[in-house]
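# Observations on chain architecture
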Amino acid sequence: MKTIKPTLLASLICVMLSWCFSSCGPGSSTTNGGNWVSKSAYNGVVRSEAVSFVINDTGYVGTGYDGNNRLADIWAYNPGSGAATDFWYQKADFGGSARNSAVAFEAAGKGFITTGYDGLNMLADTWAFDPSANTWVQKATFPGLARYDAVAFGLLDKGYVGTGFDGNYEKDFYQYDPIADAWTEINGYGGNKRTQAVAFVHNNLAYVATGVNNGTEESDFYSFNPSTSAWSLLRNTANVSTETYDDNYGSIDRNNAVAIVIGDSAYLTTGEQPGLTSTTWGYDFATDLWFTKTAYEGVARTGAVGLSVSQGGYVGLGRSSTSPYDDWRQFFPFEAYNAND
């Protein structure tokens, strides 16, 4: 967004810098833009708008909508490679009503699912999953207005839920204490309301980005520190500054996408802009900069889910404009693209 016309030499320099940033930026290289590798397909039926959470490096994925029915089944994923890993196994069905567009988080060694939509009603009930007992127990009801398409994250044995759609777009946030089984409203960030955003966690900080409000893709981006209960405004995810770092920020903003964390970077992929997209962007936590990576190698989709575990990051499920999916892929951000895996 420059107003000064550069000389020819300056133009060439800008082109070279832009190429280097998009191809050689943090976490990237000219040859290793990342590779998506097909893994064991989800054992449940095809679906979109499911939830996911991780307990002790095991991923859990369930609920959602298969195009005809809301679902309540839950499946665990054992990640990795080799004969004893990369497989799914069924767990106890979710204790609440079948739903889609709910949220989930892990806190104090248990998984929690709350909010969502059952086909008739927006929901606010909250349920806890005990992986040792393989049971669901109902907990204190989410205190905000019943809603769907919110975001959630777990930090320091507390859960956090906010934003979403309850008949209006929202940006309120609530903290859940699993020991006291109690919710407390906390300060939300200072920016725009939104639904269908993404949230991710790194080094005991949470991040909330993207989403849509009144048909507009949102580009304000925030981090949350649970120790101070303070939100910080980060660089926008669109080309709005007069600096060069965001000149190629053309396709980050989206809704109903997935974010995973691998090492010291987050990766945002799939979703709607408003058309379906498979583009992938990386985010470097140290520099607060975004960079392009290899697009998701499955069909472009919306309403997918992701898992971040020590073995890496995984993305799958979701739907196109015509059908839902059950495929599952792992992202290797520093490997060269290979179309045959």
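Residues numbered from 1 in each chain as written. Predicted model: local features only at pLDDT ≥ 70, side-chain atom pairs only at ≥ 80, totals over all residues. Heavy atoms only, no water.

### Observations concerning unusual backbone geometry
- The omega torsion of the bond from Gln-273 to Pro-274 falls at 10 degrees, within 30 degrees of zero and hence cis.
- Considering the arrangement of structural elements, one finds Pro-274 in the loop between β21 (265-269) and β22 (280-284).
- Positive phi values are uncommon outside glycine, yet Asp-149 reaches one of about 60 degrees.
- Relative accessible area serves as the criterion here: at 9%, Asp-149 is assigned to the buried category.
- Of note in the backbone geometry, Asn-214 takes a positive phi value of approximately 55 degrees without being a glycine.
- Its place among the elements puts Asn-214 in the loop between β16 (212-213) and β17 (216-217). (Helix = DSSP H or I, 4+ residues; strand = E, 2+ residues; numbered from the N terminus. Buried < 20%, exposed > 50% of the residue type's maximum accessible area, 1.4 Å probe, protein only.)

### Side note on the packing of aromatic side chains
- This structure, assessed with the given rule, holds 48 aromatic pairs.
- Residues Phe-173 and Trp-231 carry aromatic rings whose centres are separated by 4.9 Å and whose planes lie at 55 degrees to one another, so their mutual orientation is tilted. Of this pair, Phe-173 sits in strand β12 (residues 169-177) while Trp-231 sits in strand β19 (residues 230-233), and the two are 58 residues apart along the sequence.
- By relative accessible area, Trp-231 is classed as buried at 16%.
- Ring centres of Phe-200 and Phe-221 lie 6.4 Å apart, and the angle between their planes is 45 degrees; on these two criteria the pair is classed as tilted. (Phe/Tyr/Trp six-rings, centres within 6.5 Å; stacked < 30°, edge-to-face > 60°.)

### Points about the side chain of Asp-66
- Looking at where Asp-66 falls in the secondary structure, it is placed in the loop between β3 (58-62) and β4 (74-78).
- Although Asp-66 is buried, it makes no salt bridge; Arg-47 carries the closest opposite charge, 7.3 Å away.
- Of note is the side chain of Asp-66, whose polar atom sits 2.8 Å from the backbone nitrogen of Asn-68.
- Sequence-distant contacts of Asp-66, defined by excluding residues within four places in its chain, comprise Val-45, Val-46, Arg-47, Leu-71 and Pro-324. (Lys, Arg positive; Asp, Glu negative; His and termini not counted. Salt bridge = Lys/Arg side-chain N within 4 Å of Asp/Glu carboxyl O. Polar contact = N/O pair within 3.5 Å; in protein donor to acceptor, adjacent residues only side chain to side chain. Contact = heavy atoms within 4.5 Å.)

### Topic: the sheet that holds strand β18 (residues 222-225)
- With antiparallel pairing, four strands are arranged side by side in an open sheet as β14-β15-β18-β19. Because the sheet does not close on itself, it has two edges, and the strands there are β14 (198-202) and β19. Strand-to-strand twist of the sheet, defined as the mean angle between neighbouring strand axes without regard to direction, takes the value 25 degrees.
- Relative to β18, strand β15 (residues 205-209) runs antiparallel, the two sharing three bridges. Bridging from a neighbouring strand, Tyr-207 pairs with Ser-223 of β18. (Pairing = 2+ DSSP bridges. Axes fitted to C-alpha atoms, helices over the stretch in contact; angles between N-to-C directions.)

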